[in-house]
Amino acid sequence: MQCPAAYLLIPMDNTQKNHLKAYGIAYWIIKHDAEVSWLLNYRGGSFMCTYIKEVEAECSIRGVSCQVIADVQASAILQEIADPQANMDEVKLVKVPKIAVYSPKNKLPWDDAVTLALTYAEIPYDVIYDEEVINGVLPLYDWLHMHHEDFTGQYGKFWQAFKNAAWYREDVRLSEENAHKLSFQKVSQCKLAVVQKIREFVMGGGYLFSMCSAPDSYDVALSANGIDICDVMFDGDPADPAAQQKLNFADCFAFTGFHLITSPNVYEISDIDVSDTRRVSKDDDFFTLFEFSAKWDPVPTMLCQDHEQIIHGFMGQTTAFNKKFVKPEVLVMAENKAAGEARYIHGELGKGTWTYLGGHDPEDYQHMVGDPPTDLNLHPNSPGYRLILNNVLFPAAKKKKQKT
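Residues numbered from 1 in each chain as written. Predicted model: local features only at pLDDT ≥ 70, side-chain atom pairs only at ≥ 80, totals over all residues. Heavy atoms only, no water.

**So, helix H3 (residues 71-82)**
Part 1 of the reasoning: Look at H3: 16 Å from first C-alpha to last across 12 residues, which is about the 16 Å you get at 1.5 Å a residue.
Part 2 of the reasoning: Among the residues of H3, those classed as buried are Ala74, Ile77 and Ile81. Buried residues of H3 fall within an arc of 60 degrees about the axis and therefore sit on the same side. Turned more than 90 degrees from where H3 packs its buried face, Val72, Gln79 and Ala82 sit exposed. (Helix = DSSP H or I, 4+ residues; strand = E, 2+ residues; numbered from the N terminus. Expected span 1.5 Å × (residues − 1). Buried < 20%, exposed > 50% of the residue type's maximum accessible area, 1.4 Å probe, protein only. Arc of directions from axis to C-beta.)

Dropping the structure here:
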């Protein structure tokens, strides 16, 4: 039921009881063929729609704070936002994005923060993996997420620590079986085919969001097209000793000039990641979101909507990106400047975009193999998880042409 003289405001500042489920409400509104405004930089990136009784009821059921406001109040908010001197803007969310998460079907001893966020926010998604990607399903989706993945075929460099663990041995067995089923001799060859399909997806207009070990392993795999960088325990034969000199950085989305870490005993694939080299303790591990012009740069503004600008860091197999290896054309959206770390980066490719976020789980500082999943009921206002959900809603926006 609509009331023409009223609007519903979902605040996203510190008055919001459940920021994460609020994103699910915005998705729910669009899914039910209504329109919702994303008020960039207004009270933490609030949402507003014409008053619909069912939306108010859904907010109540999910524990999301909302306010019924009169038409004159909504007009005043929009007028405030439209002021040329105000760093705010209104973006209409008009399309339900079809979401895919690239994730193996077998159970591995870690969880994916994005699937946790999507499930908690009640936003539907499909799980796809190598077979689906190679068989051409990506054009059916608007948004793709990749998380704790190693696209180089080295199984996350877990060999030294976990080569005798049942889960590791099973993962290797299933990966090899899957590669052979898809007519590849090696897992690395299968992953390269997946990498190229994902690149085509972005080129064609898809939205890619990636976290943890997926961003740097994806770029390393792109740079190593046709080069054997896997040692004998990973693919049955030695790596090319001249692999480093043969890398093609031009093919990478985000990184250039990095160096491979070839030892199977080191839990890194390259020096893009700073996990082992940083001098940052848990107590002083923070990164700062940049502020962009909402009216001139709506895309990074959307991706950085939050009720906090300084966010506590969190580690991962890839924690953050060494800034000296980030391509100059890449947009850095958050950093730990003192440590030289880029934390949250974004770029365009063809008709699509990609976004990389370092770290594994925003509410688990050092998530270890075998740790239980984070219970988001304990973190409904997580500013780190909000960055993930900004990316989920991003494809729903009616885009304005970026002016800079």
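**Digging into the pattern of salt bridges**
Part 1 of the reasoning: On inspection of all chains with the given rule, the structure shows 21 salt bridges.
Part 2 of the reasoning: A salt bridge links Lys186 to Asp228; the nearest nitrogen and oxygen atoms lie 3.3 Å apart. Pair noted here: Lys186 is in the loop between helix H7 (166-181) and helix H8 (187-203) and Asp228 is in the loop between helix H9 (214-223) and helix H10 (232-235), with a separation of 42 residues, a long-range link.
Part 3 of the reasoning: Where Asp237 meets Lys186, a salt bridge forms, and the shortest distance between an N and an O atom there is 2.8 Å. Here the residue Asp237 occupies a position in the loop between H10 and helix H11 (243-246), and Lys186 occupies one in the loop between H7 and H8, the gap between them amounting to 51 residues.
Part 4 of the reasoning: The class for Lys186 is buried, based on a relative accessible area of 19%.
Part 5 of the reasoning: A single salt-bridge network, built from bridges that share partners, covers Lys21, Glu58, Arg62 and Glu122. (Salt bridge = Lys/Arg side-chain N within 4 Å of Asp/Glu carboxyl O.)

**Structural notes on the nonpolar core**
Part 1 of the reasoning: Judged by nonpolar contacts, the single largest core of 65 residues is most densely connected at Trp38, Phe47, Val55, Leu93, Tyr344 and Ile388.
Part 2 of the reasoning: A per-element tally of this core places helix H1 (residues 19-31) first, with 9 residues.
Part 3 of the reasoning: Ignoring any residue separated from it by four or fewer positions in sequence, one finds Tyr344 in contact with Leu289, Leu303, Cys304, Leu331, Val332, Met333, Ala334, Thr355, Tyr356, Leu357, Leu387 and Asn391.
Part 4 of the reasoning: Counting 45 residues, the second largest nonpolar core, distinct from the first, contains Leu222, Ile227, Val326 and Ile345. (Core = buried A, V, L, I, M, F, W, Y, C linked by side-chain atoms within 4.5 Å. Contact = heavy atoms within 4.5 Å.)

**Digging into H1**
An α-helical segment advances 3.6 residues per turn. Residues three or four places apart therefore align on the same side.
Part 1 of the reasoning: Taking 1.5 Å per residue, 13 residues should reach 18 Å; H1 reaches 19 Å between its end C-alpha atoms and fits that length.
Part 2 of the reasoning: Across the 13 residues that make up H1, a large majority, 12, are buried.
Part 3 of the reasoning: For H1, the complete set of buried residues consists of His19, Leu20, Lys21, Ala22, Tyr23, Gly24, Ile25, Ala26, Tyr27, Trp28, Ile29 and Ile30.
Part 4 of the reasoning: The N-cap residue of H1 is Asn18: its side-chain oxygen and the backbone nitrogen of Leu20 are 3.3 Å apart. (Polar contact = N/O pair within 3.5 Å; in protein donor to acceptor, adjacent residues only side chain to side chain.)

**Brief notes about the side chain of Asn390**
Part 1 of the reasoning: Relative to the helices and strands, Asn390 is located in helix H13 (residues 383-393).
Part 2 of the reasoning: Of the residues examined, Asn390 reaches a relative accessible area of 0% and is grouped as buried.

Keep in mind that these numbers describe shape and distance, not what the molecule does.
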